[in-house]
Amino acid sequence: MSEEHPWKISQCFGDKGDTDDMTEADIITAVEFDGTGDYLATGDRGGRVVLFQRNSTKHGQEYKFYTEFQSHEAEFDYLKSLEIEEKINQIKWCKRQNSGHFLLTTNDKTIKLWKVYNKSIRLFSESSMQTDPLAIPRPVHQENVVKAQTKKVYANAHAYHINSISINSDSETYLSADDLRINLWNLGISNQSFNIVDIKPSNMEELTEVITAAEFHPFHCNLFMYSSSKGSIKLNDMRTSALCDQYATVFEESENPMNRSFFSEIISSVSDIKFSSDGRYVLSRDYLGLKLWDVNMTSRPVQTILIHDHLRNRLCDLYENDCIFDKFEAHFSPDGKSVLSGSYSNTFHIFDDQGKTDTVLQADKHAFRAKRFGASREPMATSQTPNGGSLSTRTNMPNDNMDFGKKILHASWHPHDNTIAVAATNNLFIFS
């Protein structure tokens, strides 16, 4: 990211009115650019997927509506007497092989492979057929429509809620992770998957941690990582054994016993993990902030960036209103020199990888309408941690009137440019 990149809201999709009345089904729960950056997908609580296409007639990164389809429907598990939400948990684009687009979508239980493609519809003239009985119908009009078709349904493989899907660099396989297991799938085979991680204890009363996120390495197809609710990240090599429970590398920071409290385990739970594009670094997000890990150093993160450190004395209130369980995503910029993560009051932060500057942006439809596009850029206070890592804290702490009802949980960074898509409840904002 350039040192003085002037960020501003370039587009806003969704309800731009003053009313805050919205249906629960319209809340956006997944945002993902494709590998080219020419297409953008969003999923919502109502099980719908909306695709946007870059507007090639306009200068810069401007997007227009492409198509919308219903990916998942609400279901009922009669064996467990459990209602399965239609909410889209994640969307992943497959590498494009032909003119069609393939993408994976998942709710809590079922993963689907969709093909989105242009279909031309021809209409034939009947006027010439009325005079001559042997006349051949003449095509008079041809229009293109965008169709979405289910190609595969990967069902009945997860007993617990799916939190992650990740497509492998070989473009043939992908993994899906729930609270206790990770499965490996072939994209072409929907009735069989291989269990590669299983942390379920024989006695469920002995359960101490759950899997929170999982991702494949960007170019080594045998490597993947997963994070846990205990704050650790485990990097696995599928060549070592069929079941990767005996993980290869554990990234974990020892906790200071002086800071231990009732909330310690909740706030240390990792909500998201990402590899940098070169595979050298791992970015993790917990409730209080971000940690940047070097894959060659497991004992401590090279950089810790605190986003919510000012909320430590309000953890009791946040536990009461369930905000302490919010799962914020984390993202690298295309060049790996900046990181992004969300916060409350519809704000999100862009930090440089040294943790020296904090660019705060707000996804606000009122500011978009008033053409107020300012971004505040603040210096960070940096210090050394006792174990030798670098700690960055925000110098300008927000006041107490944070709106915990408005939060930026989901975002996606364009794979090549300084363009960010951010979901703010039922609105999608494009920053560039």
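Residues numbered from 1 in each chain as written. Predicted model: local features only at pLDDT ≥ 70, side-chain atom pairs only at ≥ 80, totals over all residues. Heavy atoms only, no water.

(A) The arrangement of the sheet that holds strand β1 (residues 9–13) in detail. Spatial strand order, β1-β32-β31-β30: four strands in an open sheet with antiparallel pairing. The open sheet has two edge strands with one neighbour each: β1 and β30 (410–413). Taking the axes of each pair of neighbouring strands and ignoring which way they run, one obtains an average angle of 15° across the sheet. As paired elements, β30 and strand β31 (residues 420–424) share four bridges and run antiparallel to each other. Bridge pairing in β31 links serine 412 to alanine 421. (Pairing = 2+ DSSP bridges. Helix = DSSP H or I, 4+ residues; strand = E, 2+ residues; numbered from the N terminus. Axes fitted to C-alpha atoms, helices over the stretch in contact; angles between N-to-C directions.)

(B) The arrangement of the side chain of histidine 72 in detail. Relative to the helices and strands, histidine 72 is located in the loop between β5 (63–70) and β6 (75–77). Judged by relative accessible area, which is 0%, histidine 72 ranks as buried. Within the structure, the side chain of histidine 72 is placed 2.9 Å from the backbone oxygen of threonine 110, a separation counted as a polar contact. Residues in contact with histidine 72, not counting those within four places in the same chain, are Gly46, Gly47, Glu86, Ile88, Thr105, Thr106, Asn107, Thr110 and Lys112. (Buried < 20%, exposed > 50% of the residue type's maximum accessible area, 1.4 Å probe, protein only. Polar contact = N/O pair within 3.5 Å; in protein donor to acceptor, adjacent residues only side chain to side chain. Contact = heavy atoms within 4.5 Å.)

(C) Structural context of the sheet that holds strand β15 (residues 193–198). Strand order in this open sheet of four strands is β12-β13-β14-β15, and the pairing throughout is antiparallel. With partners counted over all chains shown, the strands left at the sheet margins are β12 (164–167) and β15, one partner each. Within this sheet the neighbouring strands show an average axis-to-axis angle of 20°, counted without direction. Note: strand β13 (residues 173–177) against strand β14 (residues 181–186), five bridges, orientation antiparallel. When the sheet's bridge partners are listed, alanine 177 is paired in β14 with isoleucine 182.

Worth remembering: the numbers are spatial, not functional.
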